[in-house]
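Residue-level listing of the chains:
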Amino acid sequence: MTVLSSDEINLDQLSSQYKKIILKCPFPNCNTKIIQYSSTKLKSQDIENAPKCIGIQNYPQIKEPKLSTSTSKFYQINDVWEFDNIGVSRPTEIQKEPILLKVDGEEEEEIQINIERLLICSECDRGSLGFAGIEYGKDNDHKNLNYFLSQNSVLYEYE
Ligand SMILES: [Zn+2]
């Protein structure tokens, strides 16, 4: 098994070799499986003004995650059942600044997301690893929740 942080791994190359890649909790005494990587089910997104998440870099040289101030790369996951393990907590304060999802199309579009929950590890309750929210204008219904997992908050394991 090889375990690397997001800055050390080449996901495109591993995916093209059909490697099974598991995203895991970054805390050394936990490492719970969070979700299996899939380039189709985990859509890479750039987000502005996202809530602060923990980050882990230069793994395995550095073993402890730390609070990251510049998280902007997320995976968007639309179905909570894709996760093997994920926990949620309410944000301690409601973020006033809009969170913007940049959509690449013919024209760049920005979508505002209202945060409903922060994502934490369901085993050790630490995080945050991302957030869940609803697109501005959509009904405040669980079915409309989108999940955003921070790409540098997790470790990547493969054989
Ligand atoms: Zn954990």
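The structure contained in this document is the topic of the report that follows. (Residues numbered from 1 in each chain as written. Predicted model: local features only at pLDDT ≥ 70, side-chain atom pairs only at ≥ 80, totals over all residues. Heavy atoms only, no water.)

To continue, consider the overall build of the protein chain. The helix and strand inventory of the protein chain stands at one helix and 13 strands. The helix and strand sequence of the protein chain, counted from the amino end, reads β-α-β-β-β-β-β-β-β-β-β-β-β-β. Rg of the C-alpha trace for the protein chain: 15 Å, near the compact-globule value of 15 Å for 159 residues, within the 12% margin. With the C-alpha coordinates aligned to their principal axes, the bounding extent of the protein chain is approximately 45 × 35 × 30 Å. (Helix = DSSP H or I, 4+ residues; strand = E, 2+ residues; numbered from the N terminus. Rg over C-alpha atoms; globule rule 2.2 N^0.38 Å.)

Attention now moves to the coordination of the zinc ion. Protein coordination of the zinc ion is provided by Cys25 (SG), Cys30 (SG), Cys121 (SG) and Cys124 (SG), with donor distances spanning 2.3 Å. Coordination at the zinc ion is tetrahedral, judged from the four donor atoms that bind it and the angles of 106 to 113° they form at the metal. (Donors = N, O, S within 2.8 Å, 3.2 Å for Na, K, Ca; no water. Tetrahedral: all angles 85-135°; square planar, octahedral: opposite > 155°, others 65-115°.)

Moving on to the environment of Ile9. Take Ile9: it is sitting in the loop between β1 (2-4) and α1 (11-16). For the pair Ile9 and Tyr156, spaced 147 residues apart in sequence, the C-alpha separation works out to 7.6 Å. Setting aside anything within four residues of it in sequence, one finds Ile9 in contact with Leu4, Leu14, Ile21, Tyr156 and Tyr158. (Contact = heavy atoms within 4.5 Å.)

Phi is mostly negative for residues that are not glycine, and the peptide bonds are mostly trans. Going from Tyr59 to Pro60, the amide bond is cis rather than trans, its omega being 15°. Relative to the helices and strands, Pro60 is located in the loop between β5 (54-55) and β6 (66-67). Residue Ser128 is reached from Gly127 by a cis peptide bond, and omega for that bond is 5°. Within the secondary structure layout, Ser128 lies in strand β11 (residues 127-135). The phi angle at Asn31 is positive, at roughly 55°, despite the residue not being glycine. Locating Asn31 in the fold gives a position in the loop between β2 (21-24) and β3 (33-36). Here Asn58, not a glycine, exhibits a phi torsion of approximately 55°, which is positive.

Our focus in this paragraph is the nonpolar core. A general tendency of soluble globular proteins is for nonpolar side chains to be buried together. Counting 29 residues, the largest nonpolar core has Ile21, Leu23, Ile34 and Leu149 as the members making the most contacts within it. Looking at this core, the elements with two or more residues in it are α1, β2, β3, β7 (73-77), β11, β12 (145-150) and β13 (155-158). When residues no more than four places from it in sequence are discounted, the contact partners of Ile34 are Leu23, Lys24, Cys25, Phe83, Asp84, Asn85, Ile86, Leu129, Leu149 and Val154. In this structure, Ile47, Ala50, Leu101 and Leu118 belong to the second largest nonpolar core, which totals 12 residues. (Core = buried A, V, L, I, M, F, W, Y, C linked by side-chain atoms within 4.5 Å. Buried < 20%, exposed > 50% of the residue type's maximum accessible area, 1.4 Å probe, protein only.)

Before going further, it helps to spend a moment on the sheet that holds β3. Spatial strand order, β1-β13-β2-β3: four strands in an open sheet with antiparallel pairing. The strands lining the two open edges of the sheet, one partner per strand, are β1 and β3. In this sheet, adjacent strand axes meet at a mean angle of 30° when their direction is disregarded. Taken together, the three bridges between β2 and β3 define a ladder with antiparallel strand orientation. Looking at the pairing, Leu23 lines up with Ile35 of β3. (Pairing = 2+ DSSP bridges. Axes fitted to C-alpha atoms, helices over the stretch in contact; angles between N-to-C directions.)

Another aspect to go through is the side chain of Ser153. Mapped onto the elements of the fold, Ser153 is located in the loop between β12 and β13. Using a relative accessible area of 0% as the deciding quantity, one classes Ser153 as buried. Here Ile54 takes part through its backbone oxygen, which lies 2.4 Å from a polar atom of the side chain of Ser153. Polar contacts involving the side chain of Ser153 include one to the side chain of Ser150, which spans 2.8 Å. Ignoring any residue separated from it by four or fewer positions in sequence, one finds Ser153 in contact with Pro26, Cys53, Ile54, Gly55, Ile56, Ser128 and Leu129. (Polar contact = N/O pair within 3.5 Å; in protein donor to acceptor, adjacent residues only side chain to side chain.)

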